[in-house]
Amino acid sequence: MTPPERRKLRIWRAIVKTSLALTWACLAVLLLLLIVPHAPRILRVIAGSVLAESFLTAVVLGALGKCPACGEPLGFVSGRLAPERCPSCGAALV
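What comes next is a walk through the structure. Residue numbers run consecutively from 1 along every chain, following the written order of its sequence. Totals for whole chains, interfaces and linings use all residues, but because this is a predicted model, local features are given only for residues with pLDDT of at least 70 and pairs of side-chain atoms are given and counted only at 80 or more. Excluded from the side-chain calculation are hydrogens and water; included are all heavy atoms of the structure.

1. Things to note about the overall build of the protein
Next up, step 1: A run of H or I in DSSP becomes a helix once it reaches four residues, and a run of E becomes a strand once it reaches two; helices and strands are each numbered from the N terminus. A tally of helices and strands in the protein yields two helices and zero strands.
Next up, step 2: Radius of gyration here is computed from C-alpha atoms only, and the compact-globule reference equals 2.2 Å multiplied by the residue count raised to the power 0.38. Relative to a compact globule of 94 residues, whose C-alpha radius of gyration would be 12 Å, the protein shows 17 Å and is clearly more extended.
Next up, step 3: In terms of overall dimensions, the protein has a C-alpha envelope of 55 × 25 × 15 Å along the principal axes.
Next up, step 4: Sorting the 94 residues of the protein into buried and exposed places 27% on the buried side.
Next up, step 5: Here the Shrake-Rupley method, with its probe set to 1.4 Å, supplies the accessible areas, and only the displayed protein chains count as covering residues. Only carbon and sulfur atoms are counted for the fraction: they give 69% of the accessible area of the protein, which is about 6400 Å². Think of it in three bands: with a 1.4 Å probe and only protein chains considered, a residue is buried below 20% of the maximum accessible area for its type, exposed above 50%, and partly exposed in between.

Written out as structure tokens, the structure reads:
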């Protein structure tokens, strides 16, 4: 892959990883707010909203991920953000 293609892949991975990290952080905060007896309802709503938004962002971007070399969809790979190689053109994505 060319340097611009690698940069595009790095940016895509960073966005998906950040969304996943934000999802886990919001889940932890929301669970904490649900345990605290007198936590303000608005904080629970905000934490739940950010949780839903970050989760949906990670899922949609993960589903729409494309190979930067050929533009073909990468698809879902169990336990990984992207496969090691593009299924279409064979470009290394690691």
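2. With respect to helix H1 (residues 3-35)
Next up, step 1: A helix is expected to span 1.5 Å for every residue after the first. Taking 1.5 Å per residue as the helical rise, H1 with its 33 residues ought to reach 48 Å, and the 48 Å between its terminal C-alpha atoms agrees with that figure.
Next up, step 2: Among the residues of H1, those classed as buried are Glu5, Leu9, Trp12, Arg13, Val16, Ser19, Thr23, Cys26, Leu30 and Leu33.
Next up, step 3: In this structure, the buried residues of H1 make contact with helix H2 (41-63). Contacts are assigned to residue pairs that have any heavy atoms within 4.5 Å of one another.

3. Regarding the nonpolar core
Next up, step 1: Joining through side-chain atoms within 4.5 Å is the link that ties buried Ala, Val, Leu, Ile, Met, Phe, Trp, Tyr and Cys residues into a set, and such a set is a nonpolar core. Leu9, Trp12, Val16, Cys67, Leu74, Ala82, Cys86, Ala91 and Leu93 together form the largest nonpolar core, which totals nine residues.
Next up, step 2: Excluding residues that lie within four positions of it along the chain, cysteine 67 makes contacts with Glu72, Leu74, Cys86, Cys89, Ala91 and Leu93.
Next up, step 3: Within the second largest apolar cluster, six residues are counted, among which are Cys26, Ala39, Ala47 and Leu51.

4. Remarks on a nonpolar patch on the surface
Next up, step 1: Patch rule: a residue counts if its relative accessible area is over 30% and it has no salt bridge; like charges are joined within 9 Å, and nonpolar side chains (Val, Leu, Ile, Met, Phe, Trp, Tyr) within 5 Å. A side-chain nitrogen of Lys or Arg and a carboxyl oxygen of Asp or Glu constitute a salt bridge if their distance falls within 4 Å. There is a patch of nonpolar side chains on the surface, built from Leu20, Trp24, Leu27, Leu31 and Leu34 and spanning about 500 Å² of accessible area.
Next up, step 2: With respect to the helices and strands, the residue leucine 27 is situated in helix H1.
Next up, step 3: With a relative accessible area of 30%, leucine 27 lands in the partly exposed category.

5. Quick look at the side chain of serine 54
Next up, step 1: Turning to its location among the elements, serine 54 is positioned in helix H2.
Next up, step 2: Exposure remark for serine 54: the relative accessible area of 1% places this residue in the buried category.
Next up, step 3: Here threonine 23 takes part through its side chain, which lies 2.9 Å from a polar atom of the side chain of serine 54.
Next up, step 4: Leaving out residues up to four positions away in the same chain, serine 54 has contacts with Ser19, Leu22 and Thr23. Under the rule applied, a polar contact is a pair of N or O atoms within 3.5 Å (in protein, one hydrogen donor and one hydrogen acceptor; residues adjacent in sequence only if both atoms are side-chain atoms).

6. Observations regarding the environment of proline 73
Next up, step 1: Inspection of the secondary structure puts proline 73 in the segment after H2.
Next up, step 2: On the basis of relative accessibility, which here comes to 49%, the residue proline 73 falls in the partly exposed class.
Next up, step 3: Residues proline 73 and alanine 63, spaced ten residues apart in sequence, show a C-alpha to C-alpha distance of 8.1 Å.
Next up, step 4: Residues within four places of proline 73 in sequence aside, it is in contact with Gly65 and Lys66.

7. Here's the deal with H2
Next up, step 1: The terminal C-alpha atoms of H2, which comprises 23 residues, lie 33 Å apart, in line with the 33 Å expected from a rise of 1.5 Å per residue.
Next up, step 2: Within H2 the residues assigned to the buried category are Ala47, Leu51, Ser54, Ala58 and Gly62.
Next up, step 3: Packing partners of the buried residues in H2 comprise H1.

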